[in-house]
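Commentary on secondary and tertiary structure
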Amino acid sequence: MHVTTTHIINAHILDAASGHLQPKQCLSIHGCHIKTVCDGIPDEPPADITLDAAGRVAMPGLCDAHVHITAATPDFVALRHWPPSYVAAHTAEILKGMLMRGFTTVRDAGGADFGYAQAIEEGLIIGPRLLFCGHAISQTGGHGDMRLPGDDHTDHCFCCSGLGKVCDGVAEVRRACRDEIRKGAHQIKLMVSGGVASPTDRITSTQFAEDEIQAAVEEAEAANRYVMAHAYTNRAIMRALTCGVRSIEHGNLIAQKGIELLKQKQAYLVPTLSTYDRLAREGVEAGMPAALQKKVYSVLDAGIQALEAAWQANANIVFGTDLLGSMHKSQLQEFTIRREIIPNTELIQSATIKAAELFNLSNEIGTLAEGYRADLLILDGNPLEDINILQQPERYLNVIMKDGRIYKNTL
């Protein structure tokens, strides 16, 4: 079977680690991987495709560390009752949109499964590489329990379209983690505090006992996986980090002690500021119940302050968005919000090499170098100087490549 070879010539390669451009380079791509990066055009292997970047910038594909590809509506209570086939139809469009915005790897935080990842890998659905957790794991009445106060049914189907599965006690948590790992999960997602989209909890509540959190961490580590934890308050964050979770999702109400522990544990913070901005502006219009949309305001401004405190402390910060329903189109707005605090180079790092570190894929993605996956973008402009270049893909994004396959080319 013939393996396609692509040469990209005359490209200024963006080195995310150093924050500099390597001028006038040639990338030789053989199949899914980068074979060489050099000054001249290699003779071997001969190219099936040659793209002349003509001095444009080539950079690694972007990563979003917190998405919900099946969240075609912000009303998770309603989503539980959607037929899987209907959810899948929406999801295909959501995934394609992400790739066309330049995201070549995304980490799903609840809802996606093996079927979506396999369909993307086989080319049945066009989208970014998908790292999934399956169902997010929640205690009764937690952020993954979408039953209304008057709903006493306990028959949570683990194969339904909802965000999470409910379990209580160490034994149930272990079984739930093992089942998601059996189904191919790249990471385990735990709900360890209250949330915005859940109908019966409070933002300020802590969720799961510490022995339950520790059990999830043990099961993940036994399978060479890790735990990502939904957490808002400093109290919830400190408990999760003490128990060994690898990443804190959102973290809007983190305090200095939480940031210090995050650094001590070499853990990662994944703020998701664009979702609060969008939910505040258009959440009800997009389908979120008004009573839940009001919960957004308790974390909206605090998220900016948390990001600034974490940045000043030199914590590990990774790009994430957490957008829902029609708001997925605002994925690149996360750069707009964060640029008020974080310089362009570090913003790009958060969506490339820092994300790759978090995913345990530092030797595969996030860098354009020999042996890495051929995930790259060619841009008509330099995002190190102007991050707005990334935010207008229809204007500036000329080429999108994932695993050596070209999905967009306007050169």
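Residues numbered from 1 in each chain as written. Predicted model: local features only at pLDDT ≥ 70, side-chain atom pairs only at ≥ 80, totals over all residues. Heavy atoms only, no water.

Describing the overall build of the protein
Looking only at helices and strands, the protein has 15 helices and 18 strands in total. The contacts of the protein with a sequence gap of at least 6 include a subset with a gap of at least 24, amounting to 69%. About 16100 Å² of surface is accessible on the protein, with carbon and sulfur atoms providing 49% of the total. (Helix = DSSP H or I, 4+ residues; strand = E, 2+ residues; numbered from the N terminus. Contact = heavy atoms within 4.5 Å. Areas by Shrake-Rupley, 256 points an atom, 1.4 Å probe, with all protein chains shown as cover.)

A look at the packing of aromatic side chains
A complete count under the given rule lists 4 aromatic pairs for this structure. Plain terms: the ring middles of tryptophan 82 and tyrosine 86 are 4.9 Å apart, the flat faces sit at 55 degrees to each other, and that makes the pair tilted. Here the aromatic residues Phe103, Phe319 and Phe335 are joined through ring pairs into a cluster of three or more. Here arginine 246 stacks its cationic end above the ring of tyrosine 226, 5.6 Å away from the centre of that ring. (Phe/Tyr/Trp six-rings, centres within 6.5 Å; stacked < 30°, edge-to-face > 60°. Lys NZ or Arg CZ within 6 Å of the ring centre and 35° of its normal.)

Here's the deal with helix H7 (residues 256–264)
Among all positions in H7, only Gly258, Ile259, Leu261 and Leu262 are buried. For H7, the angular spread of buried residues about the axis comes to 165 degrees, placing them on one side. Opposite the buried face of H7, by more than 90 degrees, sit the exposed residues Lys257 and Gln264. Phi turns positive one or two residues past the end of H7, at glutamine 266, with a value near 55 degrees. (Buried < 20%, exposed > 50% of the residue type's maximum accessible area, 1.4 Å probe, protein only. Arc of directions from axis to C-beta.)

Digging into the packing of helix H4 (residues 170–182) against helix H5 (residues 210–222)
Here H4 crosses H5 at 30 degrees, and the two axes come no closer than 9 Å. Comparing the axis directions of H4 and H5 gives the class roughly parallel. Crossing of H4 over H5 shows right-handed handedness. Contact with H4, carried on its side by Val170, Val173, Arg174, Cys177, Arg178 and Ile181, involves Asp211, Glu212, Ala215, Ala216, Glu218, Glu219 and Ala220 of H5 and no other residues of that element. (Axes fitted to C-alpha atoms, helices over the stretch in contact; angles between N-to-C directions. Parallel < 35°, antiparallel > 145°, perpendicular 65-115°, else oblique. Left-handed = near helix turned anticlockwise from the far one by under 90°.)

Points about the sheet that holds strand E6 (residues 62–67)
Reading across from one edge, E6-E7-E8 is the order of the 3 strands in this open sheet, with parallel pairing throughout. The open sheet is flanked by E6 and strand E8 (129–131), the only strands paired with a single partner. Across the sheet, the mean angle separating the axes of adjacent strands is 20 degrees when strand polarity is ignored. One ladder, built from 4 bridges, connects E6 with strand E7 (residues 103–108); its direction is parallel. Paired with valine 67 across the bridge in E7 is aspartate 108. (Pairing = 2+ DSSP bridges.)

So, the nonpolar core
If you look at the biggest cluster of nonpolar residues, it comprises 87 residues, and the most contacted ones within it are Leu62, Leu130, Val245, Ile248 and Phe335. Apart from the residues lying within four places of it in its own chain, the contact partners of leucine 62 are Arg101, Gly102, Phe103, Thr104, Thr105, Leu332, Phe335, Ala351, Leu377 and Leu390. In terms of nonpolar packing, the next biggest core, distinct from the first, is built from 15 residues, Ile8, Ile29, Leu51 and Ala374 among them. (Core = buried A, V, L, I, M, F, W, Y, C linked by side-chain atoms within 4.5 Å.)

Details of unusual backbone geometry
Within the chain, histidine 250 stands out as a residue other than glycine whose phi angle is a positive 80 degrees. Note that histidine 250 resides in strand E13 (residues 247–253). Taking the relative accessible area as the measure of exposure, histidine 250 reaches 4% and is therefore buried. Residues other than glycine seldom take positive phi values, yet asparagine 314 does so here, at roughly 60 degrees. Secondary-structure assignment places asparagine 314 in the loop between helix H10 (300–312) and strand E15 (316–317). On the accessibility criterion, asparagine 314 (60% relative accessible area) is exposed.

Side note on the pairing of strand E3 (residues 33–38)
In summary, the side chains of a regular strand alternate between the two faces of the sheet. With 5 bridges joining them, strand E2 (residues 20–30) and E3 adopt antiparallel strand pairing. Bridge pairing links cysteine 26 to cysteine 38 in E3.

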